[in-house]
Amino acid sequence: MNKTYCPSLTEYQRRLSRVVNIGDVLLGGKNPIRVQSMTTVDTMDTLGSVEQTLRMVAAGCEYVRITAPSMKEAQNLLEIKKELRKRGCTVPLIADIHFTPNAAELAARIVEKVRVNPGNYADKKKFDFIEYTDATYQDEVNRIRERFRPLVQICKQYGTAMRIGTNHGSLSDRILSRYGDTPLGMVESALEFLRLCEEEEYYDVVLSMKASNTQVMVQAYRLLVQKLDEEGLQPYPLHLGVTEAGEAEDGRIKSAVGIGTLLEDGIGDTVRVSLTEAPEAEAPVAKALIDRYTTRAADAKPIAPVTEVPIDPFQYHRRITHEVLNLGGQNVPRVMADISRLSSVEYADLRAVGQLYSVFLDKFQMNDLGADYIYSGQRPVPFMLPNGLKEVVDYQAWLDAGRRPDHFPVLTQAEYATAGPQHTELNFVFQNLESLTPSALDQLRADPTAVIILYTDNAHAMPELRRAFFRLINQDVTNPVIINRQYSVLTPEQTQLYAATDVGGLLLDGLGDGVVLSTELLPERAKEEWLPTIDRLNQLSFGILQAARTRMSKTEYISCPSCGRTLFDLQETTAMIRKRTDHLKGVKIGIMGCIVNGPGEMADADYGYVGVGKGKIALYRGQDVIKKAVPEELAVDELIELMREDGRWIEPVRLEEPVGV
């Protein structure tokens, strides 16, 4: 298969999509990338929905989506729209439809756009494996097409746009039987509906391929673009989103890893960041992701074009590397924390890199986010480090300290080229795309101790780093690579989103054996100001590795954003479950407000907590419902009991707090 899912892998260009008119806000083409979100108020609460919509618009939403699970909610969209227009708000409204074609057909006569999910719009989802012959498969496709055709005709008649929004977790049994739980299945699910739209000469269509697994999500969007081109279909605009990203920092990092990776390659025309928070909190995050690309083409330095793509962009494969100490090979990606700006280091300071020191016990305890390496630069740490934490120092400092075996030097390109004394086990070398010359590649290829710290100062950072990885692969250089990103005068929020995009985009393609994040702020800052920054960057590094599915270091919560269908307070419940379970390293827990976002949307989860009625919770093991109607007040205890039965429960151990520091 060709690998032409984006206009250029090195030059920033927006994919030129077809323009779709949604109300009076144009989408696609050369129009700005748009921001949207979804209300959480019950759709039957007209004034509540209106007030929340106005807050969302004030926060930056350009489209507002409202759930319409049945005919009565679809009808009430008219009242919401009338009240909004009366108040001078002309924001286009989108009806969110899942299981009810008749509600979609009604809503299409009222709002500017309808969103349908092909996995559950007149299709079957019983989590059964059914053997389909070619004939029975086609019969089922024909049945669904005929059920879908009236909606297409209504949308065409009323000038209503449509989003065909596939979700990874709600693929039908029919699609699963033929394609499995795969990006290809997601794409084919949408294309079945899209082909009918084109037959009816209806083209006001937006497409999406959302998943809570960022690897699956990115692969599906890339494959969709490729398939549209291969089949000669229109270049429809794309709506980007990571479903059930979660809350707070984790939700923002996960969203940036998935959405940002696609934006880097010019893919995407509208963005929704799904957080388990108030919807007005979503728009600023989406806008911050989008705004990074407004001047990207002008700011970027030219990068040599890619003539040979050595990776498969539609399937995850980790770059083959040889092992150097605990880096590369089959090791999980490592985290290096940069503490080189600290003028002095004491025991208590290592708390910022996940090492807690107790004076009373005179020992360290490492939490789940304990860095693997610290970079101390010119000032080596003056005491013995806790077991497992390794120190990296500048090459000259390593020489001056007597070439200590417990220090690992980092060399500049010039220092490495002169081939002076080196550590016998592990040497780090700074490299960028420009420095990876034929002679440098030869030297690296012949050096089993070298680990590359790869950096860039190009505004088009991720593609330049990716280009460097391609050079290493094409030249059979198998040294492990630590991805280094340095950010100057950015807010913590910007650093979080930019780093998640730059590093996460590489990790999703199997590129990178570790990460080191730095901020180039004023060096005269006091230690008390530096330590929170180091702590934040260390947590961010682990968060990015987890969001990219390359190192699971903490419990993962796949929690949907609230909407009008939600049957309990999602934010409060997520916080409660997190408090009881956040020590379960690597366990994935889905927390879903209703059955629409139930077992399907938490396809990746080990366990699920799903609202099924007022005060009633269903508990899942994977895709299987285990307990159907547990009272809400007992549900978390029952969830823990289920984990205990499976041998997945571990009693929490409280880390000793530092004493006397």
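The notes below deal with the structure included here. (Residues numbered from 1 in each chain as written. Predicted model: local features only at pLDDT ≥ 70, side-chain atom pairs only at ≥ 80, totals over all residues. Heavy atoms only, no water.)

**Some thoughts on the packing of aromatic side chains**
So, point 1. What the rule picks out here adds up to 11 aromatic pairs.
So, point 2. Ring centres of Phe148 and Phe193 lie 4.3 Å apart, and the angle between their planes is 40°; on these two criteria the pair is classed as tilted. Here Phe148 is found in helix 4 (residues 134–158), whereas its partner Phe193 is found in helix 6 (residues 183–199), with 45 residues between them in sequence.
So, point 3. The exposure class of Phe148 is buried, given its relative accessible area of 1%.
So, point 4. Relative accessible area serves as the criterion here: at 2%, Phe193 is assigned to the buried category.
So, point 5. Between Tyr347 and Phe383, the aromatic rings sit 4.4 Å apart at their centres with planes inclined by 55°, giving tilted as the arrangement. Here Tyr347 is found in the loop between strand 11 (334–338) and strand 12 (355–358), whereas its partner Phe383 is found in the loop between strand 14 (373–377) and strand 15 (390–394), with 36 residues between them in sequence.
So, point 6. On the accessibility criterion, Phe383 (15% relative accessible area) is buried.
So, point 7. The ring centre of Tyr63 lies 5.9 Å from the NZ or CZ of Lys113, which sits over that ring. (Phe/Tyr/Trp six-rings, centres within 6.5 Å; stacked < 30°, edge-to-face > 60°. Helix = DSSP H or I, 4+ residues; strand = E, 2+ residues; numbered from the N terminus. Buried < 20%, exposed > 50% of the residue type's maximum accessible area, 1.4 Å probe, protein only. Lys NZ or Arg CZ within 6 Å of the ring centre and 35° of its normal.)

**Some points on the sheet that holds strand 11**
So, point 1. In space, the eight strands of this closed barrel follow the order 11-14-15-16-17-18-19-20, with parallel pairing throughout. Going across the sheet, the axis of each strand differs from the next one's by a mean of 25°, ignoring polarity.
So, point 2. Bridge analysis of strand 17 (residues 427–431) against strand 18 (residues 450–454) gives five bridges, and the strand direction is parallel. Counted as the bridge partner of Asn427 is Ala450 from strand 18.
So, point 3. Contacts from helix 15 (residues 492–507) reach strand 19 (481–487) and strand 20 (514–519), with the element oriented near 155° to strand 19. (Pairing = 2+ DSSP bridges. Axes fitted to C-alpha atoms, helices over the stretch in contact; angles between N-to-C directions. Contact = heavy atoms within 4.5 Å.)

**Points about the sheet that holds strand 4 (residues 63–67)**
So, point 1. Read from one edge of the open sheet, eight strands run 8-7-6-5-4-3-10-9, paired in parallel fashion. Of all strands in the sheet, those bounded by a partner on one side alone are strand 8 (205–210) and strand 9 (239–240).
So, point 2. Strand direction decides the pairing type here: strand 5 (residues 93–97) and strand 6 (residues 113–116), joined by four bridges, are parallel. Within the sheet, the bridge partner assigned to Asp96 lies in strand 6 and is Arg115.
So, point 3. Along the sheet face, helix 4 touches strand 6 and strand 7 (161–167) and points at about 145° away from the line of strand 7.

**Considerations on helix 8 (residues 248–264)**
So, point 1. Relative to the 24 Å expected for 17 residues at 1.5 Å per residue, helix 8 spans 23 Å between its end C-alpha atoms, a close match to the ideal helical length.
So, point 2. At Val257, helix 8 shows its maximal kink, close to 25°.
So, point 3. Burial within helix 8 is extensive, with 14 of its 17 residues counted as buried.
So, point 4. Once helix 8 finishes, Gly266 follows within two positions and takes phi at roughly 80°, a positive value. (Expected span 1.5 Å × (residues − 1). Bend = angle between axes of the 7 residues up to and from the residue.)

**Concerning the environment of Val309**
So, point 1. Looking at the element boundaries, Val309 is found in the loop between helix 10 (296–299) and strand 11.
So, point 2. On a C-alpha basis, the gap between Val309 and Thr43 in space is 48 Å, while along the polypeptide they are 266 residues apart.

**Focus on the packing of helix 8 against helix 15**
So, point 1. Direction vectors running N to C along helix 8 and helix 15 enclose 55°, while the axes themselves pass 7 Å from each other. Of the possible angle classes, the one that applies to helix 8 and helix 15 is oblique. Judged by the twist between their axes, the crossing of helix 8 over helix 15 is right-handed. In contact with Glu249, Arg252, Ile253, Ala256, Val257, Gly260, Thr261 and Glu264 of helix 8, helix 15 contributes Gln496, Leu497, Ala500, Thr501, Asp502, Gly504 and Gly505.
So, point 2. Looking at side-chain class alone, the contact of helix 8 with helix 15 contains five nonpolar, six polar and four charged residues. (Parallel < 35°, antiparallel > 145°, perpendicular 65-115°, else oblique. Left-handed = near helix turned anticlockwise from the far one by under 90°. Nonpolar A, V, L, I, M, F, W, Y, C, P; charged D, E, K, R; others polar.)

**What about the pairing of strand 4?**
Side chains on a regular strand alternate between the two faces of the sheet.
So, point 1. Burial runs high along strand 4: five of the five residues are buried.
So, point 2. Neither face of strand 4 is left uncovered, since the one carrying Tyr63, Arg65 and Thr67 and the one carrying Val64 and Ile66 both have all their residues buried.
So, point 3. Both strand 3 (residues 34–38) and strand 4 contribute to a ladder of three bridges, which runs parallel. Following the sheet pairing, Ser37 is matched in strand 4 by Val64.
So, point 4. Since strand 3 and strand 4 lie parallel, the crossover through helix 1 (residues 46–59) that links them has a hand, and here it is right-handed.
So, point 5. Two elements, strand 4 and strand 5, share four bridges in a ladder whose sense is parallel. Across the sheet, residue Ile66 finds its bridge partner in strand 5, namely Ala95.
So, point 6. At this point the chain moves from strand 4, through helix 2 (residues 71–86), to the parallel strand 5, and the crossover so formed is right-handed. (Right-handed = clockwise from strand over helix to strand, strands pointing away.)

**So, the pattern of salt bridges**
So, point 1. Per the stated rule, a full pass over the model turns up 43 salt bridges.
So, point 2. With a closest N to O distance of 3.3 Å, Glu83 and Lys86 form a salt bridge. Placement of both Glu83 and Lys86 in helix 2 is noted, with a separation of three residues, approximately one turn of the helix.
So, point 3. Overall, the relative accessible area of 17% leaves Glu83 in the buried class.
So, point 4. With a closest N to O distance of 3.3 Å, Glu105 and Arg147 form a salt bridge. (Salt bridge = Lys/Arg side-chain N within 4 Å of Asp/Glu carboxyl O.)

Geometric descriptors of this kind do not, in isolation, establish any biological role.
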